[in-house]
Amino acid sequence: MTRRYWNINLKEMIEAGVHFGHGIKKWNPKMAPYISAKRKGTHITNLARTARFLSEACDLVFDAASQGKSFLIVGTKKRAADLVASAAIRSRCHYVNKKWFSGMLTNWSITKTRLSQFRDLRAEEKKGKFHHLPKRDVAILKRKLSTLQRYLGGIKYMTKLPDIVIVLDQQKEYIALRECAILGIPTISLVDTNCDPDLANISIPANDDTMTSIRLILNKLVFAICEGRSLYIRNRLILQVAELRKRWLNQKNSFFEVQFLSEDNMNITPCSIKILKGLYDISGVEVGQHFYWQIGGFQIHAQVLITSWVVITILLGSVIIAVRNPQTIPTDGQNFFEYVLEFIRDLSKTQIGEEYGPWVPFIGTMFLFIFVSNWSGALLPWKIIELPHGELAAPTNDINTTVALALLTSAAYFYAGLSKKGLSYFEKYIKPTPILLPINILEDFTKPLSLSFRLFGNILADELVVVVLVSLVPLVVPIPVMFLGLFTSGIQALIFATLAAAYIGESMEGHH
């Protein structure tokens with residue numbers, strides 16, 4: 001098991017009250033190695049050992065999550081119930097936060113039957129079958145469904161025994177620990193000074209009574225699980241792409257087999273020229289006149305509006321189809337969108353810092369809109385659509401669109417600084433003299449505008465390259481060039497989103 005750094009801060013643990021134990025009279029002698037002192041009749045936990053075992057626990061759950069293993073978080077204290085549920089949902093873990101039924105794991109066959117009944121009742125309710133039953137039967141079924149949701153709602157997607165169980169209160173969840181010991185399931189447990197550290201595989205000496213202490217320990221474990229899940233999803237996608245590439249290489253001869261003229265055979269394969277001509281028309285890209293609408297006395301860029309609606313429809317439709325039935329352990333489309341979300345989170349965190357959370361939707365919207373816009377320009381046959389005048393093209397082919405995206409970034413730049421520091425944010429603009437205030441503000445406001453010209457220039461350069469290559473070798477180049485366009489389109493979206501996040505991070509740090 002590789003050791004990693006999990007940013008476990010002793011000062012942070014002291015502020016959360018992790019070091020407070022129980023009274024001197026209420027203690028377990030086995031906890032003596034984990035106790036550092038006595039203060040006013042209360043044992044004080046050795047935080048150095050807490051940090052060590054918490055780090056080991058984070059390493060364990062990270063390695064397990066990176067291998068696709070499942071987790072169960074158990075914490076049935078009333079005060080910690082909501083915390084357990086939110087942490088488990090965030091890390092896609094199963095959880096029990098109301099009551100632990102004896103035999104929930106050791107009598108797994110019975111638990112599995114109850115879960116099956118629960119899922120069937122939920123399916124019947126969603127399909128509206130309850131409406132065809134008598135009121136008395138409906139009341140009984142709804143009461144049963146409510147009870148099952150309360151006690152088994154956190155494990156409704158669990159199809160097998162968990163690989164690792166995390167327990168937040170050893171004494172209250174003693175039965176759960178015993179069941180895990182019988183089944184040989186590894187356990188991680190918070191142990192206060194009145195607990196037995198030998199009952200769990202990894203015991204983290206900490207205060208298990210205060211919410212701040214439980215939240216701190218649980219957040220560290222959840223963060224490690226999320227990081228492991230991200231690695232697992234990334235590795236799975238890499239393997240799937242490698243497998244698809246292998247299949248494509250094995251079958252490419254059958255897809256691209258074309259017979260040409262030869263000395264012995266003067267016949268041309270039927271439809272081959274038509275197919276290549278169609279591919280040429282679709283993949284050929286050129287800079288032309290845009291399509292406009294005249295509304296009142298204004299000239300509206302109709303091609304930008306139409307194609308933008310298409311892009312937004314593609315994005316919303318893909319998300320709805322992929323996550324219409326979310327699972328605790330994501331599969332297929334949900335798995336792909338989870339990876340995209342983790343990618344955008346990593347990008348935002350790298351450029352903005354620890355306060356990246358509120359900016360993930362903005363950066364993600366920028367990246368996905370530009371990415372899908374560029375891909376639609378490379379894949380959709382906009383040129384084939386006949387219009388009275390002008391032509392359609394991807395939204396990012398119009399400099400008005402790229403400037404609008406850059407202006408949004410400029411607004412986000414100032415909003416980030418103002419939300420972080422208030423009006424004191426403008427102090428840097430009056431140095432060394434207040435006379436420079438408008439000039440400094442204008443300089444920072446126009447800084448993100450360079451993104452629009454960079455994006456538009458890259459797209460224009462790609463179009464010109466494609467035009468030249470297709471003109472030189474029209475029957476061979478279109479398909480390879482289209483794939484090259486797809487790759488460069490993704491790079492352009494990544495560059496724009498990365499620089500936008502960098503500008504926001506710069507504004508929050510207060511640099512010029």
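Since the model is a prediction, treat every value here as computed from it, not as a measurement.

Colleague: Quick question: what am I supposed to make of the environment of V191 here?
Modeller: Mapped onto the secondary structure, V191 falls in strand β7 (residues 187-191). On the basis of relative accessibility, which here comes to 1%, the residue V191 falls in the buried class. Put simply, V191 and S203 are 12 residues apart on the chain and 6.1 Å apart in space, counted from C-alpha to C-alpha. Ignoring anything within four residues of it in the chain, the contact list for V191 reads M31, Q170, D196, P197, S203, I204, P205 and A206.

Colleague: When you look at helix α2 (residues 47-66) in this model, what are you seeing that I'm missing?
Modeller: Note that an α-helix has 3.6 residues per turn; residues three or four places apart therefore point the same way. A rise of 1.5 Å per residue sets the reference length of α2, with its 20 residues, at 28 Å; its end C-alpha atoms lie 28 Å apart and thus fit the reference within 8%. Two to three positions downstream of the cap, the backbone nitrogen of A48 sits 3.1 Å from a side-chain oxygen, assigning the N-cap of α2 to N46. Trailing α2 by a residue or two, G68 shows a phi angle of about 80°, which is positive.

Colleague: What exactly am I supposed to notice about a nonpolar patch on the surface here?
Modeller: Among the surface-exposed residues, L305, W309, I312, L316 and I320 lie close enough to one another that they form a single nonpolar patch of about 500 Å² accessible area. Of note, I312 is situated in helix α9 (residues 302-322).

Colleague: Any chance you could explain the pattern of salt bridges here in plain terms?
Modeller: Side chains that carry opposite charge are capable of pairing whenever their charged atoms lie near each other. Under the counting rule described, the total for this entry stands at 9 salt bridges. For the salt bridge of E12 with K220, the shortest nitrogen-to-oxygen distance reads 3.9 Å. Within this pair, whereas E12 is found in helix α1 (residues 10-16), its partner K220 is found in helix α7 (residues 211-255), the two being separated by 208 residues in sequence. Through salt bridges with shared partners, a single ionic network connects K30, D196 and D198.

Colleague: Looking at this structure, I do not really get the sheet that holds β7. What am I missing?
Modeller: The strands that make up a sheet pair up through hydrogen bonds in the backbone, lying either parallel or antiparallel. Taken in spatial order, the 5 strands line up as β5-β4-β6-β7-β8 in an open sheet, and their pairing is parallel. Edge strands, defined here as strands with exactly one partner in the open sheet, are β5 (94-96) and β8 (202-205). Direction aside, the axes of adjacent strands within the sheet are offset by 15° on average. Pairing of strand β6 (residues 164-167) with β7, which is carried by 3 bridges, proceeds in the parallel orientation. Paired with V165 across the strands is T187, a residue of β7. Across the face of the sheet, helix α3 (residues 81-90) comes into contact with β4 (71-74) and β5 while running at roughly 170° to β5.

Reading guide: rules and limits
- Residues numbered from 1 in each chain as written.
- Predicted model: local features only at pLDDT ≥ 70, side-chain atom pairs only at ≥ 80, totals over all residues.
- Heavy atoms only, no water.
- Helix = DSSP H or I, 4+ residues; strand = E, 2+ residues; numbered from the N terminus.
- Buried < 20%, exposed > 50% of the residue type's maximum accessible area, 1.4 Å probe, protein only.
- Contact = heavy atoms within 4.5 Å.
- Expected span 1.5 Å × (residues − 1).
- Polar contact = N/O pair within 3.5 Å; in protein donor to acceptor, adjacent residues only side chain to side chain.
- Patch = residues over 30% accessible without salt bridge, like charges linked within 9 Å, V, L, I, M, F, W, Y side chains within 5 Å.
- Areas by Shrake-Rupley, 256 points an atom, 1.4 Å probe, with all protein chains shown as cover.
- Salt bridge = Lys/Arg side-chain N within 4 Å of Asp/Glu carboxyl O.
- Pairing = 2+ DSSP bridges.
- Axes fitted to C-alpha atoms, helices over the stretch in contact; angles between N-to-C directions.

So far we have only geometry, and geometry alone does not tell us how the molecule works.
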